[in-house]
Structure formats: C-alpha cells, structure tokens
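Secondary and tertiary structure notes
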Amino acid sequence: MKKKLFITRKFPAQIVEPLREYYDISQWDEEEMVIPRDKLLAAVADCEVLWVTLADQVNEELLSHAPNLKLVTNLAVGYNNIDVQALRKRGVMATNTPGVLTNTTADLVMGLLLATARRIPESERYLREGKWKSWYPMQLVGKDVSGATIGIIGMGRIGQAVARRAKGFDMKVLYNNRRRRHEAEEMYGFQYASLEELLKQSDFVVIMTPYNNDTEGLIGAEELALMKDDAVIINASRGGIIDELALYDTLKEGKLWAAGLDVFEQEPIAMDHPLLTLSNVVALPHIGSASLETRTAMLMLNVKELTAYGQGKAVTNRID
Ligand code: GLV
C-alpha cells in the first residue's frame with residue numbers, strides 16, 4: 001500500500017509525478033488560490049504526509065483532524081505557519097527549504113534598497129503618467145546606497161548574504177543577532193551593534209530575522225522613532241515583525257525616507273491598506289525567493305525529502 005500524500009496547491013506536474021512511485025497523491029487543484037480551511041481539514045483526515053505552502057497553517061486544529069500524519073514538508077524556509085510544539089507533541093516531523101533561496105532573497109533585498117533609495121518605482125510611474133517634461137537637477141532625487149550604513153537585524157544565512165552584497169556597495173555593515181558572528185566580523189568587517197545603536201546609526205535597516213514570539217512586533221513606534229529621519233526600512237522576512245500602523249504613522253509624519261516591504265501582516269495585503277497610499281512605500285507580493293531557478297530548487301528540495309520518506313529513509317532539513 002502506498003502512503004497517502006496531500007498537496008495543498010497545484011504544483012507543476014513534472015515535479016509531482018515521480019512521487020507517485022511512493023505515494024497515493026491527492027492535490028488541491030488551484031495554482032493561485034489557497035485551499036479553503038474546511039476542505040484542507042477534510043483532506044488531511046487520512047493522509048500520512050502533507051506538503052504545504054507558507055499560506056497553510058499547520059496547527060493543533062489541523063493536527064487534530066490528521067490522526068495518521070507523520071511528515072509535513074513546507075515550501076518555504078520560514079516556518080511560522082507551522083506550530084512546531086504541537087507537531088512535537090504528536091511526534092510529527094516537518095522539513096523546510098534552507099539554503100537554496102539565500103542568494104535569490106538577498107538579491108531582492110538589494111533590489112528593495114535601490115528601489116526605495118533611488119525612487120525607482122515612483123520614477124517609472126512618473127514617466128508612464130506623462131509627467132516627464134524636461135530634465136532638471138533636483139528631479140526625483142534619491143539618496144545614495146553606496147557608502148551608506150546598513151543595519152541588518154537577523155544575521156542568518158540570508159542576512160549574511162545581504163551583508164556581503166552591501167560590502168560590494170562600499171557600505172558599512174552593522175548587524176544585530178542573538179549570536180555574534182565572529183567569523184563574519186573578522187572576514188568582512190561586519191560590526192555587531194545593539195538593536196538601539198543599529199536603529200540610530202543605520203541609513204538602511206533590513207529585517208531578516210525569523211518570525212516568532214520573540215520577534216513579533218519587534219519594530220514598533222518606539223524603535224521607528226530611533227531611526228534617522230532619512231533612513232529606509234526594508235522587510236523581506238515576515239510581516240508581523242514591523243507594526244504596520246506605526247510604520248504608516250512614522251512615514252506619514254516624514255520621519256523616514258521610505259519603506260521597502262516584500263511581506264505583510266496579512267497576505268495578500270488589503271488594497272485599502274494605508275501603507276499603499278504612500279508613494280515612498282515600495283510594496284511587493286512576497287517575491288523574495290521568486291526566481292524560476294530558486295522556486296524550482298525549493299520544490300525539488302521538498303521532493304528530495306518526500307522521496308527519502310517514501311523510501312523509508314531519514315529526511316534531512318528537519319524543523320521539528
Ligand atoms: C519565504 O518567505 C520563505 O520563508 O521561504
């Protein structure tokens with residue numbers, strides 16, 4: 001008897017097909033829409049393995065509907081959608097996708113730095129709206145990335161990849177992390193700073209920390225008030241780490257240069273969200289890892305875990 005695998009999204013057929021050797025597969029057949037919760041709870045009733053995206057909450061409620069569940073594979077490196085404690089209690093394993101998306105996500109962070117500092121989306125709108133009548137010296141002037149100070153909150157794989165790129169822009173790199181990164185400090189000259197010092201000194205603050213109880217609301221009104229009036233804040237991690245209404249108020253009062261956001265408290269963001277009324281907010285639909293190569297590599301890493309489990313072997317990137 002093959003093991004029962006449920007996939008919460010329509011993934012490319014050529015990626016899923018080889019798994020049929022080990023699994024009896026059922027799949028939500030929409031590529032773009034999240035499976036409704038009641039359908040997901042019904043679908044997990046008899047499955048042993050569940051393949052989810054970051055939009056699916058794997059919590060106590062789901063587990064209570066999935067008595068046979070043994071493995072959850074998450075198509076993301078961040079796993080705040082998974083209640084790891086609840087999984088542990090039931091002896092359910094889970095895996096994520098570390099490593100394969102580091103460079104692609106760091107590239108996007110640099111894109112957000114340049115887009116916010118140099119007002120790239122705003123300038124493009126200006127041109128398309130027919131506002132470009134002449135060239136003049138102070139037209140759409142931005143601020144320099146080169147030579148500025150970047151403060152990275154969360155110096156894991158992606159944070160360090162951002163820091164290395166920032167060196168290429170001759171930036172001074174400050175970082176804050178639970179653990180000091182002595183090797184990176186010595187090799188690249190990155191400097192450790194307390195959160196307060198980092199916020200005060202940085203021209204660009206980049207949030208790259210995981211989202212958990214310790215980091216929820218980490219950047220609120222008080223922290224934003226510590227930042228320079230012409231600083232930029234970038235978040236490509238998870239939405240709940242910045243208090244979005246506090247960010248809106250701070251930007252509205254002209255107390256920051258701009259914000260570059262790839263992630264939001266609610267995704268998709270509501271179109272009437274106040275942040276979307278500000279021209280100095282660059283807002284993206286959570287595309288940090290969205291290159292063809294990287295999304296394929298993430299899917300293939302999940303496939304590798306599923307194949308190992310199907311063959312009775314150990315899975316590797318465990319988060320439980
Ligand atoms: C994307 O946000 C991820 O965590 O992989």
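Going along each chain's sequence as written, the residues are numbered from 1 onward. Residues qualify for local features only when their pLDDT is at least 70, as the model is predicted, and side-chain atom pairs are given and counted only at 80 or more; totals for whole chains, interfaces and linings, by contrast, use all residues. Just so you know, side-chain values use all the structure's heavy atoms and leave hydrogens and water out.

As recorded in an unreviewed UniProt entry, the protein chain goes by Glyoxylate/hydroxypyruvate reductase B and comes from Lysinibacillus macroides.

**Brief notes about the environment of Ile-241**
The criterion, for reference: Comment: elements are numbered from the N terminus, with helices defined as DSSP H or I runs of at least four residues and strands as E runs of at least two. Each residue gets one of three labels from its accessible area relative to the maximum for its type: buried under 20%, exposed over 50%, partly exposed in between, using a 1.4 Å probe on protein chains only. In what follows, residue pairs with any heavy atoms lying within 4.5 Å of each other are defined as contacts.
Along the chain, the position of Ile-241 falls in the loop between strand S10 (232-235) and helix H11 (244-252). For Ile-241, a relative accessible area of 0% puts it in the buried group. As for Ile-241 and Asp-214, which are separated by 27 residues in sequence, their C-alpha atoms are 9.3 Å apart. Beyond its immediate stretch of four places on either side in the chain, Ile-241 contacts Ile-207, Thr-209, Pro-210, Tyr-211, Thr-215, Gly-217, Leu-218 and Ile-219.

**Here's the deal with the packing of helix H5 (residues 102-117) against helix H7 (residues 157-168)**
Filter applied, for reference: Angles here are taken between N-to-C directions and fall from 0 to 180 degrees, while the axes themselves are lines fitted to C-alpha atoms, restricted in helices to the stretch in contact. Each angle receives one of four descriptions, namely roughly parallel if under 35 degrees, roughly antiparallel if over 145, roughly perpendicular if within 65 to 115, and oblique otherwise. Throughout, a crossing is termed right-handed when the near helix is turned clockwise from the far one, and left-handed when it is turned anticlockwise from it by less than a right angle. Any residue outside Ala, Val, Leu, Ile, Met, Phe, Trp, Tyr, Cys, Pro, Asp, Glu, Lys and Arg is labelled polar, Gly included; the first ten of those are nonpolar and the last four are charged.
Contact geometry of H5 with H7 gives a least axis separation of 8 Å together with a crossing angle of 50 degrees. By the criterion of interaxial angle, the relationship of H5 to H7 is oblique. In this structure, the crossing between H5 and H7 has a hand that is right-handed. Of the residues in H7, those in contact with Thr-102, Asn-103, Thr-105, Ala-106, Asp-107, Val-109 and Met-110 of H5 are Arg-157, Ile-158, Ala-161, Val-162, Arg-165 and Ala-166. Class assignment of the residues belonging to the contact of H5 with H7 gives a composition of seven nonpolar, three polar and three charged.

**Regarding the packing of aromatic side chains**
Operational definition: Only centres within 6.5 Å qualify two rings of Phe, Tyr or Trp (six-membered ring in Trp) as a pair; their planes then separate them into stacked at under 30 degrees, edge-to-face at over 60, and tilted for everything else.
Under the criterion given, the structure shown has three aromatic pairs. Measuring from ring centre to ring centre gives 5.5 Å for Tyr-175 and Tyr-192, while their planes differ by 80 degrees; the resulting arrangement is edge-to-face. Here the residue Tyr-175 occupies a position in strand S7 (residues 172-176), and Tyr-192 occupies one in strand S8 (residues 191-192), the gap between them amounting to 17 residues. For Tyr-175, a relative accessible area of 0% translates into the label buried. When its relative accessible area of 33% is taken as the criterion, Tyr-192 is described as partly exposed. Pairing Tyr-188 with Phe-190 gives two aromatic rings, centres 5.1 Å apart and planes at 15 degrees, and the pair type is stacked. Take Tyr-188: its relative accessible area is 32%, and that puts it in the partly exposed class.

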